[in-house]
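A structural walkthrough
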Amino acid sequence: MGTPVNIIAGSHVWVEDPGLAWIDGQVTKINGQEVEIERNDGKKVVTKLSKLYPKDTEAPAGGVDDMTKLSYLHEPGVLENLKLRYELNEIYTYTGNILIAINPFQKLPHLYHQHMMQQYRGAPLGELSPHVFAVADVAYRAMINEGKSNSILVSGESGAGKTETTKMLMQYLAFLGGRAATEGRTVEQQVLESNPVLEAFGNAKTVRNNNSSRFGKFVEIQFDKQGRISGAAIRTYLLERSRVCQVSDPERNYHCFYLLCAAPKEEIDKYKLGHPKSFHYLNQSKCHELVGISDAHDYLATRRAMDIVGISKTEQEAIFRVVAAILHLGNIDFGKGKEIDSSVPKDDKSKFHLKTTAELLMCDPVALEDALCKRVMITPEEVIKRSLDPLSAAVSRDGLAKTLYSRLFDWLVDKINKSIGQDHKSKCLIGVLDIYGFESFKHNSFEQFCINFTNEKLQQHFNQHVFKMEQEEYTKEAINWSYIEFVDNQDVLDLIEKKPGGIIALLDEACMFPKSTHETFSNKLYQTFKNNKRFVKPKLSRTDFTVAHYAGEVQYQSDQFLDKNKDYVVPEYQDLLGASGCPFVAGLFPPIAEETTKSSKFSSIGSRFKLQLQQLMETLNATEPHYIRCVKPNNLLKPAIFENQNIMQQLRCGGVLEAIRISCAGYPTRRPFFEFINRFGLLAPEVLEGHYDEKLACNQILEKKGIKGFQVGKTKVFLRAGQMAELDAHRAEVLSSAAKIIQRRTRTHIARKHFIDVREATIYMQSFCRSRLACKIYATVKRKAAAIKVQRNTLRFQARKAYTTLRISVLVIQTGLRTMDACNKFRFRRQTKAATIIQARWRCHRASSYYRKLKKGTILAQCRLRGRIAKSELRKLKMAARETGALKEAKDKLEKQLEELTWRLQLEKRLRTDLEETKTQEITKLQNLMEEMQKKVDETNAQLVKEREAAKKAIEEAPPLIQETPVYVEDTKKVESLAVEIDGLKASLQNEQEISEDLRKKFAEAQECIEERREKLEETEKKVHQLQESLHRLEEKLNNLESENKVLRQQAVSIAPNKFLSGRSRSIMQRNDSGHSFTDTKMHVDLHSSSFSEVDDKPQKSLNEKQQENQELLIRCISQPLGFSGNRPIAACIIYKCLLQWRSFEVERTSVFDRIIQTIGHAIEKIQDNNDMLAYWLSNASTLLLLLQRTLKASGAAGMAPLRRRSSSATLFGRMSHSFRGTPQGVNLSFGNGMPGGGVETLRQVEAKYPALLFKQQLTAYVEKIYGMIRDNLKKEISPLLGLCIQAPRTSRASLVKGSSRSVANTAGQQALIAHWQGIVKSLGIFLDTLKANNVPPFLVRKVFTQIFSFINVQLFNSLLLRRECCSFSNGEYVKAGLAELENWCGVATDEYAGSAWDELKHIRQAIGFLVIHQKPKKTLDEISHDLCPVLSIQQLYRISTMYWDDKYGTHSVSSDVISKMRVLMTEDSNNAVSNSFLLDDDSSIPFSVDEISKSMEQIDIADVEPPSQIGENSGFSFLLPRIE
C-alpha cells in the first residue's frame, strides 16, 4: 500500500467503491489526512489518505502476464490487471509460480490443441504466455529430473472451472507421458468418466452453488521409470458425513437420494420410495428440486456412468438398495418403551420403515430393532444388555446411516480405482487435488467449520510454499532476507485443532457427556478462548462464535455442532450387517479386530475429519506443490462479465491476496536493471553518461533520491512497499518541470509565429500598392513599343517579298541541272548490275558441276567401305551362332528327360490308383463279412436267451414233485435237446470265430501290403518332387544363360575376331557367311562348356560367375565417393550404363538392384550428420532416378508377380529358344562404344520388368529420405541461432533504442544481436555452397530452402504470439533488421536456388510490419486486415494487437473499436476449427514428386563420362569407355 507522503495533487489513485470494489480517480485536493478525489465516472469523493492506493499510469494496456511484475502489488492493481487480461480473453495469469485461471464461460479451442501442447513442451515457466500446460510441464519436468513426486492443487469455488482445468492437466500429462489405454479408453478419460458417479454420491446443493463437492479429490497420475503413464488412482478425503442426517435450508442432501426418488416407477415401487419430502433426511430443507435440472435424466446418466466405470447391474441394484435403506432408516422414529429409559419404534409407520430397511439390507428386522434400541455391555463377570432412550436411539440410527453412506462412498471409490488400474510399483506420481474452497454464508454450521479448517491447513501449506519461493528468489539474487517476517496462520490452527484445548477437542469432550448442550459447549469456548485474538464472541448471540480466518471473520452457529459431530461405532451394526443376506452389504462390513467385542466406542466426525486432513497434508508434504487458483468471474455463468466484488472475495478465499501480503512483507516491487533505468534514469541523467555499470547506476539513482531499505540483487532492484510510489512521485516532478519547459518553449514559438505572420501581411500590402503604380507606367511603354513593332513588320514584309521572287528563280535552274546529272548516273549503274548478274550465274554453274562429281565419288567410296564392314560383322555373327548350337542339343536332352519323368509320374499315379481301388474293394468285402457274422452271433445269442427264459418258465410252471414224475422225463428230454442244440450253436459259433480270425489275418496282411505300397508311393512322390525342383533350377539356369548369352553376343560383335575366336571358329563363320544369313541359322550351344576362350589359355569361367564378378566390382566401386564429371555424378552414370548394358531392366529375376539399394542405404546410415556426403548421394540418387524415369516404361506383365511358375516345360523351352534365335529388332547393341550422339534421348524406352520398377520405387524413397535428412540437419543447425534471436536479452534490445549518449554501446549491442542473424545467414550460405559443390539439382535446392524459410517463419511468428516480450516495437525493429539480412541472402543466392523462399516469410514480415508501423490507433480494421496484414487471420491480428507494447516511444496499440470488431468476428468464427488456431504448423512433408523432378531437370549427356580407374581397366566394363571419333 502506498504511504501518504507519496500521494500529491494530480496523482492517480485507487479508491474503494461499494459496487466495483475499487475505482480509479485523480487527486484534486489534499487537506491533512483527507483527500478529495475526482473519479473516472465524474463523481467527487472525499476519503482518508490511508485508504488510497497509487495507480500505475504506465502499466501496459493489456496488463502483465506475471503480477509480480506490477509496479504496485496491491488489491486494486491485481484486480485491474486480471480485468484487463480477461477482456482480451487472456484467462491465465501468473503470480510468481501460482497460476490464476478465470473461467471464460466460452470455448477457446485455440488454447488447447495439440500444437499448443507441443509449444509448451519443455519450455521454462514464464517463457511463454501463462497457461495450465506450463504448470503441468514444470511438474512433469521436476518429477523426471529430480525423481520426486509433484502435486498440483486446483482450488476454487464451484463453477470456477476446476474440473475443466483438471481435465486439461491430465490431457497434457497424457501427451507428455504417453497414453496408457484400457479397453480403448485413456487414463484421463477413465478418470473423467468417473466424475458423474462421484458427483452423484459426493456433491450436493449449497447456498452458493447447485453442484458443490462435499469431499476432496486427489487424482494420482502414476508414472513408470521412463516417464510414461502407468496407472492412476483417485483418493477421496473429508467426505461431509453429517450431511446425510442434517441438512440446512435451502441446501439439499447428496444428489443420489433425489435421483433415486426420481427413478422410473418400477424402481420406486421396488424400493418403496416416494417424494423426497416424505423422508426425514430430505425434508429438513424445503429445496427438493433444482431449476433447469432433471433428476430423472441425471439418474439415467448416473446409471450409464456406472456401466462405463465397470459397476455391474447387480452391484448397481445393491448400491441403490443401500441408498433407499438409508432413506427408510431416517424415517424410523422412536418412542418410550415399557421399561424405564427404553425405546421402541414409535408407530406403525416407523415399523413399516424398519421392516423395509431390513428387507433392503437383507437382515433380520428384530435384530435391526435390537441394534438400534439396545446396547450390549461386556464385563468380566457377565454380558449386560441395556436399553437406549428414544433420543439415544435416534442418535444411534443417524450413526448407522452415516456409517452406511460413508462405506458405500469408499466402496465406489475403490471400484473406480480398480477400473482405472493402479500401478503399485510406481515411485513417481503427479497428484491433482480438487477440493472445496473457503465458505462463508449467512448461516454457517459444523460443515463450514470443517471446510474452513481444511482451507486453513491448505493455506498454511500455501503460505509456506510462497515464502519458500520468496526465499529462493532472494537467495538467487543474493540479497539479505533474514529480517523478513513470515505471515503465518498457525495461531488459527492451534485454536481449532490443538490438544487438549482446541475447539475440536472441546467439541469431542462435550459430545462424550450425555447432558451437554450447545449452550454449555459455547460457554466452554467463551471461557477458554476469551483472550485469543482469533476468537471473537458475538455481542448479539449467546451460542454463536466467530473465528478470524485468513480470508476473513466467519460467524458459526453452534446449535447443531454436537449432533453433527457424533459418530458411534457400534459392534451390533457390524455383526448385523456383516451377516446380511446381500453379499454387497456384507462386503461393506467385513470382520474387524477384537475391538468389536466392546460395547461401544465413541468416535467423532471432527476427529475423523482431522485425521484424514492430516493424511492429506502428509501426502502433499511428500510432493513438490504447484498451485492453480480457479476464479468464477460472475454468478450468471456468462462470458465477458467481470464482477469485481465477487472476484475479490474469491482471491481472498483462494489465498492469492495472502500471497500478496507475504510478498509485501519483503520486496513486492522487483525490476530488472534495464527496466528500472528506463523508467527512473531521468532522475539522475548524469549517472547514465558514457559507459556505465547498470547495477551501480541503479544504486546511485536510489541513493540520490534518499530511498532507504532497498536492495540491489544480481539482475534486479528490490524495493520495499511504497518506495515505487515515492520514486514515481519524484519522476512525476521531473516530468512536470520538463513539461513546463516544453510549454514555455511552445508559447514562445507561437508568439514568434504570430509576429512573422503580421510582418508578412504588411509586406504584402506594400507590394500590392507598388504593383499598381508599375502597371500604369507599363501601359505607356507598351503603346510606344506597339507603334515601333508595326513599322518594323511592314518593312520586313516588303523585303521578304523581293527575296522570295529571287529564290524561286534560282531553284528552277538548280532542279534542271540536277535532273540531267541523275539520269546519266542511273544508266551507268544499270549496265554495271547486268554484268555482275551474268558473272555470278556462270560461277555458280561451274561450282555446282564440281560438287555433284565429288559427291558421287564420295558416296561410292562410302558404300564400298560399309559393305566390307557389314560383311565382316556378318561373319562374326555367323560364327557366334554356330558356337551356340550346343544349346539345341541340351534342349533335346532336357526334353527327353522331361518326357521320361512325365511317363514315370503317370505310371506311378496309375499304380497308386490301382492299389487304392484294390484296397477299397478288400476293405468293403471284409466289412460286409464282419457284418454278416455279427448278425449271426446276435441271432444266436437272442435264441439262447429265449430258450433259457422258456426253460425257466417251464420249471416255474411245473406241478409238485410227486405229481410231476411223468412230466419230469419230458422236461429232461427237452433240456437235453436244448443242450444239444446249444452245443451245436457253440460249435457253429466257434467255426464262425475261426473264419473271422482268418479274415482278420488276411485283412492285416492286406494292410501291411498297402502300407508297403504307400511307402513306395511316397518315395516315388518325393522323387517326382525332387525332379520338379531340379527342373525349376534348370529353368533358372537357362534364364541366366539366356541373359548371359545376350550380353556375350553384344561383346562378340565389339571384340576383334583374332583375339577371342579360334581359327576353327573363324573358318566356320566364314563358311556360314557365304551361304546363310544370321537370322536363319540355328543355334547349338553346349550348356556344360564355356562359349568363349580367354587369352593365354587361362582357366575358363562360367558366364554367371563373370557377371557376378562384374556386379561385385561395380558395388565396390560405387561404395566409394567417385566425384563428378562436369556437373554429372559419375556413380549414377556408370550404374545406369551398366544396368542398361546388362539388360537388367528386362530381366524378371536379378539381385543387382537390391545390392545397389543396400549400398546406398549403408552409406547413408553412416553419414546421417554429414551434409556433404548426404548432398553427394542426393545428387547421385536424383540423377539416377531421372535417367530411370526417362528410360523405363512399364510392360504389360510388370505389375504381376515376378516369380511366376510355368505350367509346362513347353512354355519354358519355347521362350528360351525364342530368346536365343536373335537379337530384338531396333536395339542398339553398341551402346557404350558406338552410341550415335551419345545422348540418352537416342535410346529407345525399355519395357521394364517388376524388379526394375521396384528398384525405381525404392530409389524414389531414398531420394525423399535423403532430402528429409538434409532439411532436418539444416533445421537442427539453425534452431539454436533462431532460439537466440527469439530469446535475445531484453536488456540488449533495450540498449538498441536508447539515446545518442550511448551510441557506442548501441553499436556494440546491435552488432551482438545481429550476429545471431548473420550466423543463420552464414549457415545458409555454407549449406548452399555444399549443395552446389555436389551438383544437387536446383529444383531440390529451392525446395529445401523454401521449407527452411517456412520453418523460420513458423518459429518466429509463433514466438511472437506466445511471448509478450517479443511483441514489442523494439523487437519488431530487431527482427526487421534480421529479415533484411535474410532478404539480402536471397538476392545473393539468386532465384535459381532461393526460388520463392522469401515469400514463405509472409506471416512474420506482415506481423513485424504491423509492430513497427506508427499511429496504430488511427488504423481501421479494413486497413489492417486488407492492406497491412492480408495473410494474417483475425485471431492472429487480435493476439498481436492485444499483446503489443511500445517499449521505445510508449505509443498504444490499435483502438478499442478495432479490438471490439475483431472480437465480434472471432465470435462469429468460433465454430470454425481452423480459424480458432492462431499458431502456425511446421510442414515436414516431402514437397515434390518424381514427375516434378523429371520436368524440372535438364537433359543429361552421359556418353563422355569417364569411368573410374578400378573398373575402366577391366575388360568387362569396356562399354563404359567414351567413344573415340
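Use the structure listed above.
An account of the accompanying structure is given in this report. (Residues numbered from 1 in each chain as written. Predicted model: local features only at pLDDT ≥ 70, side-chain atom pairs only at ≥ 80, totals over all residues. Heavy atoms only, no water.)

**Comments concerning the overall build of the chain**
Basically, it comes down to this: A run of H or I in DSSP counts as a helix once it spans at least four residues, and a run of E counts as a strand once it spans at least two, with each numbered from the N terminus. Each residue is placed in one exposure class: buried if its accessible area under a 1.4 Å probe, protein chains only, is under 20% of its type's maximum, exposed if it is over 50%, and partly exposed if it falls in between. Contacts: residue pairs with any heavy atoms within 4.5 Å of one another. Only the protein chains shown count as cover for residues, and the accessible areas themselves come from Shrake-Rupley with a 1.4 Å probe.
If you tally the helices and strands in the chain, you get 48 helices and 30 strands. Within the span of the chain, comprising 1525 residues, buried residues form 46% of the whole. Of the contacts made within the chain by residues no fewer than 6 positions apart, 73% connect residues no fewer than 24 positions apart. Total accessible area on the chain stands at roughly 80100 Å², and carbon and sulfur atoms take up 53% of it.

**Brief notes about the packing of aromatic side chains**
Heads up, the rule is: Any two rings among Phe, Tyr and Trp, with Trp reduced to its six-membered ring, count as a pair given centres within 6.5 Å; such a pair is stacked if its planes are under 30 degrees apart, edge-to-face if over 60, and tilted if neither. By the criterion adopted, a ring carries a charge over it if an Arg CZ or a Lys NZ lies within 6 Å of its centre and within 35 degrees of its normal.
If you walk through the whole model with that rule in mind, you get 36 aromatic pairs. Taken together, a centroid distance of 5.3 Å and an interplanar angle of 75 degrees make the contact between Tyr1176 and Trp1177 edge-to-face. An aromatic cluster is defined as three or more aromatic residues linked by ring pairs; in this entry it consists of Phe446, Phe449, Phe521, Tyr526, Phe529, Phe535, Phe545, Tyr556 and Phe561. Note that Arg629 overlies the ring of Phe462, its terminal NZ or CZ placed 4.5 Å from the centroid.

**A short note on the pairing of strand β26 (residues 716-719)**
Both faces of the sheet carry side chains from a regular strand, because those side chains alternate between them. Put simply, the rule reads: Pairing between strands requires that DSSP locate at least two bridges from one strand to the other.
Two elements, strand β24 (residues 669-672) and β26, share four bridges in a ladder whose sense is antiparallel. Residue pairing across strands places Pro672 opposite Lys716, the latter belonging to β26. Inspection of the sheet shows strand β25 (residues 711-712) paired to β26 by two bridges, in the antiparallel sense. Opposite Gln711, over in β26, you have Phe718 as the bridge partner. Hairpin connection, β25 to β26: the antiparallel pair is bridged by three residues.

**Observations regarding the sheet that holds strand β7 (residues 98-102)**
Hydrogen bonds between backbone atoms are what pair the strands of a sheet, whose relative direction is either parallel or antiparallel. Let me state the cut-off plainly: Only the stretch in contact is used when a helix axis is fitted, and all axes are lines through C-alpha atoms; the angle between N-to-C directions ranges over 0 to 180 degrees.
A sheet is described by the order of its strands in space; here seven strands give the open sequence β6-β7-β23-β8-β17-β11-β12, paired in mixed fashion. If you trace the sheet from one side to the other, it starts and ends with β6 (92-95) and β12 (229-237), each paired once. The sheet shows a mean angle of 20 degrees between the axes of neighbouring strands, taken without regard to direction. Of the pairings in the sheet, the one linking strand β8 (residues 150-155) to strand β17 (residues 428-435) comprises six bridges and is parallel in character.

**Examining the packing of helix α25 (residues 673-680) against helix α26 (residues 694-704)**
Defined as follows: When describing relative orientation, an angle under 35 degrees is termed roughly parallel and one over 145 degrees roughly antiparallel, while 65 to 115 degrees is termed roughly perpendicular and anything else oblique. Helix crossings get a hand from a simple test, with the near helix turned counterclockwise from the far one by less than a right angle marking a left-handed crossing and a clockwise turn marking a right-handed one. Residues are sorted three ways: Asp, Glu, Lys and Arg are charged, Ala, Val, Leu, Ile, Met, Phe, Trp, Tyr, Cys and Pro are nonpolar, and all the rest, Gly among them, are polar.
Orientation of α25 relative to α26, taken along the N-to-C sense of each, is 45 degrees, at an axis distance of 10 Å. By the angle class used here, α25 and α26 are oblique. When you trace α25 past α26, the crossing you get is left-handed. Residues Phe673, Phe674, Phe676, Ile677 and Phe680 of α25 form the contact with α26, whose own contacting residues are Glu694, Lys695, Ala697, Cys698, Ile701 and Leu702. Across the contact of α25 with α26, the residue classes break down as nine nonpolar, no polar and two charged.

**Topic: the side chain of Gln723**
What counts is decided by this rule: The term polar contact refers here to a pair of N or O atoms within 3.5 Å; inside protein, the definition further demands a hydrogen-donor-capable atom paired with an acceptor-capable atom, and it admits residues adjacent in sequence only when both atoms are side-chain atoms.
Mapping Gln723 onto the fold places it in helix α27 (residues 723-883). Within the structure, Gln723 has its side chain in polar contact with the backbone oxygen of Lys708 (distance 2.3 Å). For Gln723, the contacting residues outside a window of four places in its chain are Ile707, Lys708, Gly709 and Phe710.

**Here we look at the sheet that holds β25**
Ordered by their spatial adjacency, three strands build an open sheet running β24-β26-β25, and the pairing between neighbours is antiparallel. Edge positions in the open sheet fall to β24 and β25, since each of these has one partner strand only. With respect to the sheet, α25 is in contact with β24, β25 and β26, its orientation differing from that of β24 by roughly 95 degrees.

**What to know about the side chain of Ser1144**
When you line up the elements, Ser1144 lands in the loop between α33 (1130-1141) and α34 (1152-1166). Those residues in contact with Ser1144, other than ones at most four positions away along the chain, are Leu1139, Thr1150, Val1152 and Phe1153.

**As for helix α18 (residues 518-528)**
Keep this limit in mind: Taken from the helix axis, the directions to the C-beta atoms give the arc we talk about.
Inspection of α18 places Phe521, Ser522, Leu525 and Tyr526 among the buried residues, and these make up the whole buried set. Down the axis, α18 shows its buried residues gathered within 140 degrees of arc, on one side only. Of the surrounding secondary structure, the elements contacted by the buried residues of α18 are α17 (503-512), β18 (535-536), β19 (545-549) and α19 (561-565).

**With respect to the environment of Val1152**
Along the chain, Val1152 turns up in helix α34. Sequence separation between Val1152 and Gln1111 is 41 residues; the distance between their C-alpha atoms is 6.9 Å. Ignoring any residue separated from it by four or fewer positions in sequence, one finds Val1152 in contact with Gln1111, Leu1139, Trp1142 and Ser1144.

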